[in-house]
Amino acid sequence: MLRRSLFLFSLTVSAAGLAAGFVIIGNWPEAGIAFLPGLAMLFHRRISSPWLPSSFLFSMILLASVGVFLEAPAILMILVSVFALAAWDLANLDRSMKDCENSQAARRLERKNGRALALALGLGLALAAGGLALSLRMPFVVVFALVIVDFFCLDRVARYLTKG
Amino acid sequence: MSRKIFTVGAIIVCLFFTALISRNGTLALMALPFLTYMGIGILGSPRPEKIELTAERSLETRRSNGVSSVEVRVTVRNAGAEVGPLFLSDSLQPAMTVTEGSLRQLAVLETGEETVLKYAFTAARGGFQWQTLHAVTSDQFGLFESGIELPAAAEILVQPMVKKFRPFTLRPESTLHSPGLIPARIGGSGTDFWGVREYHPGDPLRRLDWRRTARHPRRIFTKELEQEEITDIGMILDARQTAEFLCGDESLLEYVLDAAMSLAEMFLRGGNRLSLLVVGEGMPMVYPGYGKAQLQRILRVLAKVRPGANSSRVSLSHAPLHLFASRALIVIISPQTTYDSAIFPRFWTHGNQALLISPDPIDFTQSEFARDRAGRLAVRVARLERRVELDDIVRHGIRVIDWQVHRQLSPLVRNALRASRGRRP
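Caption draft 1: Up close: the overall build of chain A. Along its length, chain A carries seven helices and zero strands. Helices and strands in chain A line up, N terminus first, as α-α-α-α-α-α-α. Across the 164 residues in chain A, those meeting the buried criterion constitute 43%. Considering only contacts within chain A whose residues lie at least 6 apart along the sequence, 74% involve residues at least 24 apart. By element, 70% of the accessible surface of chain A is carried by carbon and sulfur atoms, the whole surface being about 8900 Å².

In C-alpha cells:
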C-alpha cells in the first residue's frame, strides 16, 4: 500500500512539475504532452512490457531537458527528474515483488528500498540544488576531463563488483 | 548488465554529454540524482565472498505414480551477512507441470534466517533430477546483481500406474523346467489330466488309475497330470525417433510404453522370467529376472524412456539377441519396422518364438491427414504399404498384432499367444 501511494505521489509530482514548468514559460502543447508518459505509467501493472518503466523515465528526462533548453525553471526540472527516477524505481520494485509471497519479507524489502531511495534522491537533490546556488566557471576541457575521469571511476567500480 | 543499470547509465551519459555539447550546467546537475542513486547502489551491492548461503532440497517422495502431485521444498539458509533482495529460482524440467506454488521467490535474509521455496508439480512419466538452485542477490535497487548456484541435489522417479491386464494362460512353444502356470505339454506334477501310463515304482498311490487297473489284471496304471512350468520372455521396445508419432497432445510412444508396462506386469505375475531391451538412446536393458523386484527394474527403465536415437544409426537388427535365452518368447513392440526386416529371420535361426505388436501409426495420426481426395489416397497407400510390410514379417513365422491403440491390447495378445502349438525342446 505504502509502495503504491509513494509511486502515485512520485508520478503525480513529476508529471505536474513538468507541466507546470512548461506552463510557466507559456508552452501549453508541451504541458499537455508532459502528462502522457505519466498516464502510460499508470497502467504499468496491466502492460507486461519490461521496457515500459524505462521508456517512461527516458521520456520524462527528455522532456525535462527540452524544458531546460526552453528556459523553464531549473529547480523544477531537477525535481521532475528526481521524482521520475523515484516512480521508475518503485514501478520496478512492484514488478520484482510479484514473486514475494511472504508478506514479512515484502515489508522488509520495501522498507530497505525506501530508505535507500530516500537517501539517494535526497542527497542527489541537495547536491543539484547546491550546484544551482554555486556558480563555478570552468574551461570546457577541464569539465570534459572531469566527466571522463568520473565515468572511468564508475566503470572500474562497476566492473570490480560485477566480476566478483 | 541488468536492464536497470543500463537505463541509469544511459541517462547519466546522455545528460553529461548533452550538457557538455550545449555547455548547459543544469543538464549536468540533473544527472546528479542519478549518480547518487548509482553510488548508493554500488555501496549496497553484495560482496560475493561474504555470501554464505546453503540450500537443502527435500521431496515429498522419491517415487511417484504420475497421478498425484509431488511437493518440492528448498530451504535456503543464510549463515553470512544480511542478503537482500534475494531472488530464488528453480528450473522447470521438460514434461513437468507446476500445480501449486511458484518456481520463483523473492526474500530478504538476515544472518541465521532461512526461507523456503515451495511448489508442487505433476509429470506423467520420467526421471527428474536437480543439482542446484539458482539464486541472484543484488543491491537495494537491483542495479548490481550477483548470481550463485547453490548445491541442492535431489531426484525423483515418476512411473505411471500400471494398467493390469486380465491374466490368461500363455501357450508358448517352449517352457523352462521350473514350476509355474503354463501347461508344458508333458506329463508331470500339475493339476490338469494329461494321460495314463503304466505304473513305475515310486509313483504316488493316490495317482493310481483304479478303473483301468481293474480292467487289466496283473498290470497297474498311473494317471499323469500335465506339468506346469514357466517360460522365458524377452521384450524389445522400439523407442527410436521413428517410433514417435504425435497427434495433438497424444504420443504413440506413451501408448507403447503403457502396453510394455502392462505386459511386463502380466508376464511377471505369472512367475515367468522376463528381460527387456529398449532400442533407442543408450540401448538400456534389463537382464532376465523374476518377480516384483524385476518388475520394479523394468518400470524404472520404462519410466525414463525418451524418443531419441535416429533409426539410421540404431536399427532393430542391431538388437543383441544373445541377451535373450534361445527358445525364449520374444515380444517386439514397434510401430514401424520398414528398415528392420533383417531381424525377423534371426529369430528363426536363434530358435525364438516371436510376437510383433505393431501399434498402427496411420490409424493414430489419421485425424492429421487432409480430408480431401489426395489425403484419403495417401492414407490408403500408407495402409497398403503397412499391410505388405506386416505380411512380409508373417512369412518369417512371426505372429503379428496390428494394434489400433484405442482398442484393448489384452485380448489381442491372448489370442495370439493362445494359438501356439507346442513343441518340446
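Caption draft 2: Broad picture of the overall build of chain B. When helices and strands are tallied, chain B shows nine helices and 19 strands. For chain B, restricting intrachain contacts to residue pairs at least 6 apart in sequence, the fraction spanning at least 24 positions comes to 70%. Summing over all exposed atoms, chain B offers an accessible surface of approximately 20600 Å²; the carbon and sulfur share of this is 52%.

Caption draft 3: Seen up close, the sheet that holds strand β12 (residues 232-238) of chain B. Residues and elements named next belong to chain B. Ordered in space as β16-β15-β12-β17-β18-β19, the six strands form an open sheet in which the pairing is mixed. Whereas interior strands pair on both sides, the edge strands pair on one side only; in this sheet they are β16 (285-289) and β19 (399-403). Between one strand axis and the next, the sheet turns through 15° on average, direction left out of account. Strand contacts of helix α6 (residues 343-350): β12, β17 (329-333) and β18 (353-359), with the helix running at about 170° to β17, the strand carrying the most contacts. Packed on one face of the sheet, helix α8 (residues 373-394) meets β18 and β19 and runs near 155° to β19.

Caption draft 4: Up close: helix α2 (residues 25-43) of chain B. Residues and elements named next belong to chain B. Taking 1.5 Å of rise per residue, 19 residues should cover 27 Å, and α2 covers 27 Å from first to last C-alpha, within 8% of that figure. When you tally the buried positions in α2, you get 15 out of 19 residues, the bulk of the element. N-cap assignment for α2: the residue whose side-chain oxygen lies 3.1 Å from the backbone N of Thr26 is Asn24.

Caption draft 5: Expanded view of a nonpolar patch on the surface. All names here are of chain A. There is a patch of nonpolar side chains on the surface, built from Leu8, Ile33, Phe35, Leu36, Leu39, Leu42, Phe43 and Ile47 and spanning about 690 Å² of accessible area. For the nonpolar patch, the leading source of residues is helix α3 (residues 35-42), giving four residues. Mapped onto the secondary structure, Leu8 falls in helix α1 (residues 2-24). Given a relative accessible area of 34%, Leu8 falls into the partly exposed group.

Caption draft 6: Summary view of the sheet that holds strand β8 (residues 126-138) of chain B. Residue and element names in this part refer to chain B. An order of β2-β9-β8-β4-β6 is seen for the five strands of this open sheet, with the pairing classed as mixed. The open sheet has two edge strands, β2 (63-64) and β6 (104-109), and neither has a second partner. Where β2 meets strand β9 (residues 145-158), two bridges bridge the pair, whose relative direction is parallel. Counterpart to Ser64 in the pairing with β9 is Val158.

Caption draft 7: Region of the structure containing the environment of Leu329 of chain B. All names here are of chain B. Its place among the elements puts Leu329 in strand β17. Under the relative-accessibility criterion, Leu329 is labelled buried at 2%. Separated by 98 residues in the primary sequence, Leu329 and Thr231 have C-alpha atoms spaced 7.6 Å apart. Discounting residues that sit within four places of it in the chain, Leu329 has contacts with Asp232, Ile233, Gly234, Gln353 and Leu417.

Caption draft 8: Spatial organisation of the environment of Glu265 of chain B. Residue and element names in this part refer to chain B. With respect to the helices and strands, the residue Glu265 is situated in helix α4 (residues 252-269). Overall, the relative accessible area of 8% leaves Glu265 in the buried class. When the C-alpha atoms of Glu265 and Lys163 are compared, they prove to be 8.8 Å apart, with 102 residues separating the residues in sequence. Excluding its chain neighbours within four sequence positions, the residues that come into contact with Glu265 are Val162, Lys164 and Leu295. At a separation of 2.8 Å, a polar atom in the side chain of Glu265 contacts the side chain of Arg269.

Caption draft 9: A look at the interface of chain B and chain A. Between chain B and chain A, the contact holds 49 residues from the first and 52 residues from the second. Buried surface at the junction of chain B and chain A, summed over both partners, amounts to about 4500 Å²; 77% is from carbon and sulfur atoms. It is Leu20, Met30 and Leu106 of chain B in chain B that bury the most area against chain A; as a group they hold 14% of the surface buried on that side. Counting across the interface, chain B meets chain A through three salt bridges. Notably, a salt bridge pairs Glu82 of chain B with Lys112 of chain A, separated by 3.6 Å at the nearest N-O pair. Remark: the boundary between chain B and chain A carries six residue pairs in polar contact (both at pLDDT 80 or more).

Caption draft 10: Fine view of the packing of helix α4 (residues 52-69) of chain A against helix α5 (residues 74-96) of chain A. All names here are of chain A. It is the contact of α4 with α5, at a shortest axis distance of 9 Å, that shows an interaxial angle of 180°. With respect to their mutual orientation, α4 and α5 come out roughly antiparallel. For the pair α4 and α5, the contacting residues are Leu52, Pro53, Ser54, Phe56, Leu57, Met60, Ile61, Ala64, Gly67 and Val68 in the first and Met77, Val80, Ser81, Ala84, Leu85, Ala87, Trp88, Ala91, Asn92 and Arg95 in the second. A per-class count over the contact of α4 with α5 returns 15 nonpolar, four polar and one charged.

Caption draft 11: The side chain of Thr231 of chain B, seen in detail. Residue and element names in this part refer to chain B. The topology assignment puts Thr231 in the loop between β11 (221-230) and β12. With relative accessibility at 1%, the residue Thr231 sits in the buried group. With near-sequence residues (within four places) excluded, Thr231 lies in contact with Leu170, Pro172, Ser174, Thr175, Leu176, Ile182, Asn272 and Arg273.

Caption draft 12: Highlighting the pairing of β12 of chain B. Residues and elements named next belong to chain B. Of all the seven residues making up β12, seven are buried; the element is thus mostly covered by neighbouring parts of the structure. In this sheet, strand β15 (residues 273-279) lies alongside β12 in parallel orientation, the contact comprising seven bridges. Each residue of the ladder has a partner; that of Ile233, found in β15, is Leu274. Relative to β17, β12 is paired through five bridges, and the arrangement is parallel. Bridge pairing links Met235 to Val331 in β17.

Caption draft 13: Expanded view of the pattern of salt bridges. Residues and elements named next belong to chain B. According to the stated counting rule, one finds 22 salt bridges over all chains in the structure shown. With its nearest N and O atoms 2.6 Å apart, the salt bridge here joins Arg57 to Asp90. Of this pair, Arg57 sits in strand β1 (residues 53-59) while Asp90 is found in the loop between β4 (83-89) and β5 (96-101), placing the two residues 33 residues apart along the sequence. Among the ionic pairs, Arg77 bridges to Glu114, the shortest N-O distance being 2.8 Å. In this pair, Arg77 is assigned in strand β3 (residues 70-78) and Glu114 in strand β7 (residues 114-123), connecting sequence segments 37 residues apart. Exposure remark for Arg77: the relative accessible area of 35% places this residue in the partly exposed category. Salt bridges sharing partners connect three or more residues here, namely Asp360, Arg383, Arg386, Arg387, Asp391 and Asp402.

Analysis parameters
- Here the residue numbers are simple positions, counted from 1 along each chain's written sequence.
- By the order in which they are written, chains take letters starting at A while ligands take numbers starting at 1.
- Local features in this predicted model are restricted to residues of pLDDT 70 or higher, and side-chain atom pairs are both shown and tallied only at a pLDDT of 80 or more, whereas totals for entire chains, interfaces and linings draw on every residue.
- Side-chain figures throughout are based on the complete set of non-hydrogen atoms in the structure, without hydrogens or water.
- Each helix is a run of DSSP H or I of at least 4 residues and each strand a run of E of at least 2, with the numbering of both proceeding from the N terminus.
- Accessible area is worked out with a 1.4 Å probe on protein chains only. A residue is then buried under 20% of its type maximum, exposed over 50%, and partly exposed in between.
- Pairs of residues are marked as contacts when any of their non-hydrogen atoms sit within 4.5 Å.
- Only the protein chains shown count as cover for residues, and all accessible areas are computed by the Shrake-Rupley method using a 1.4 Å probe.
- Here, strands pair whenever DSSP counts at least two bridges between them.
- Helix axes use the C-alpha atoms of the stretch in contact, all axes being lines fitted to C-alpha atoms, and the angles between their N-to-C directions lie in the range 0 to 180 degrees.
- Working rule for helices: expected span equals 1.5 Å times residues minus one.
- The definition of a polar contact used here is a pair of N or O atoms within 3.5 Å, where within protein one atom must be able to donate a hydrogen and the other to accept one, and adjacent residues in sequence count solely through side-chain atom pairs.
- Candidates for patches are residues over 30% relative accessible area with no salt bridge; among them, like charges are joined within 9 Å and nonpolar side chains (Val, Leu, Ile, Met, Phe, Trp, Tyr) within 5 Å.
- For salt bridges, the criterion is a side-chain nitrogen of Lys or Arg within 4 Å of an Asp or Glu carboxyl oxygen.
- Buried area is calculated as the accessible area (1.4 Å probe) missing from two parts once they are joined, with the contributions of both summed.
- Note on angle classes: values under 35 degrees are labelled roughly parallel, values over 145 roughly antiparallel, values of 65 to 115 roughly perpendicular, and the remainder oblique.
- We call Asp, Glu, Lys and Arg charged. Ala, Val, Leu, Ile, Met, Phe, Trp, Tyr, Cys and Pro are nonpolar, and the rest, Gly among them, are polar.

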